[in-house]
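For reference, the chains in residue letters:
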Amino acid sequence: MAFLSEAEVESVLLDILGSLGYTPTSDLQIGPDGHAPEREAYSDVLLQKRLESAVEALNPHIPAEARHDAIRALIATEFPNLTGDPCAISETCCLSCLSRD
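For every chain, the first residue of its written sequence is number 1, and the numbers climb from 1 along that sequence. With pLDDT at 70 or above as the cut-off, local features in this predicted model cover only qualifying residues; side-chain atom pairs require 80 or more to be listed or tallied, and sums for whole chains, interfaces and linings still use all residues. Water and hydrogen atoms were dropped before computing side-chain values, which therefore reflect all heavy atoms in the structure.

Asker: Teacher, can you tell me more about the environment of Glu8 here?
Answerer: A helix here means a DSSP run of H or I that spans at least four residues, while a strand means a run of E at least two residues long, and both kinds are numbered starting from the N terminus. The topology assignment puts Glu8 in helix α1 (residues 6–19). For Glu8, a relative accessible area of 39% gives the class partly exposed. Reaching out from Glu8, the side chain makes a polar contact with the backbone nitrogen of Ser5 at a distance of 2.7 Å. To sort residues, take the accessible area from a 1.4 Å probe on protein chains only and compare it with the maximum for the residue type: under 20% means buried, over 50% means exposed, and anything in between is partly exposed. Side-chain atoms alone can form a polar contact between residues adjacent in sequence; in general such a contact is a pair of N or O atoms within 3.5 Å, and within protein one must be able to donate a hydrogen while the other accepts it.

Rendered as structure tokens:
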């Protein structure tokens, strides 16, 4: 069985994301001590302002309050252990959005 190091996995994923049009950036740029910080601590895995911008760009026809509710539902700590049921987040977010219709 072949072993992949964390660096090898990261390299492959960055290549895949690059081929999809994403531009990787480093902690030197967006880290808490970076040139243009986008997180308060290294433990912050979610870039809140990027998420909000993306949700707004993808859903301009949805009222701002509904977009904020969807983001709150997504980042809520209802699922502290994601290994138990990885589909739960998707189901919760979809059900939350569907209940608004």
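Asker: What exactly am I supposed to notice about the pattern of salt bridges here?
Answerer: Side-chain pairing between opposite charges can occur once the charged atoms of the two side chains come close. Salt bridges, as used here, are contacts in which a Lys or Arg side-chain nitrogen is within 4 Å of a carboxyl oxygen on Asp or Glu. Scanning the entire structure with this criterion turns up 2 salt bridges. Of the charged contacts, one joins Arg50 and Glu38 as a salt bridge, the two residues approaching to 2.6 Å between their closest N and O atoms. Residue Arg50 is found in helix α3 (residues 48–58), and its partner Glu38 is found in the loop between α2 (27–30) and α3; the two are separated by 12 residues along the sequence. A residue is classified by how much of its surface remains accessible, and Glu38, at 30% relative accessible area, is partly exposed.

Asker: Whenever I open this one, the side chain of Arg67 confuses me. Can you help?
Answerer: Among the secondary structure elements, Arg67 is positioned in helix α4 (residues 64–75). No salt bridge is formed by the buried Arg67. Its closest oppositely charged neighbour is Glu56, at 4.2 Å. Separated by 3.3 Å, the side chain of Arg67 and the backbone oxygen of Asn59 make a polar contact. Residues within four places of Arg67 in sequence aside, it is in contact with Val55, Glu56, Asn59, Pro60 and Ile62. A positive count includes Lys and Arg, and a negative count includes Asp and Glu. His and the chain ends are not counted in either. By definition in these notes, contact holds between two residues if any of their heavy atoms fall within 4.5 Å.

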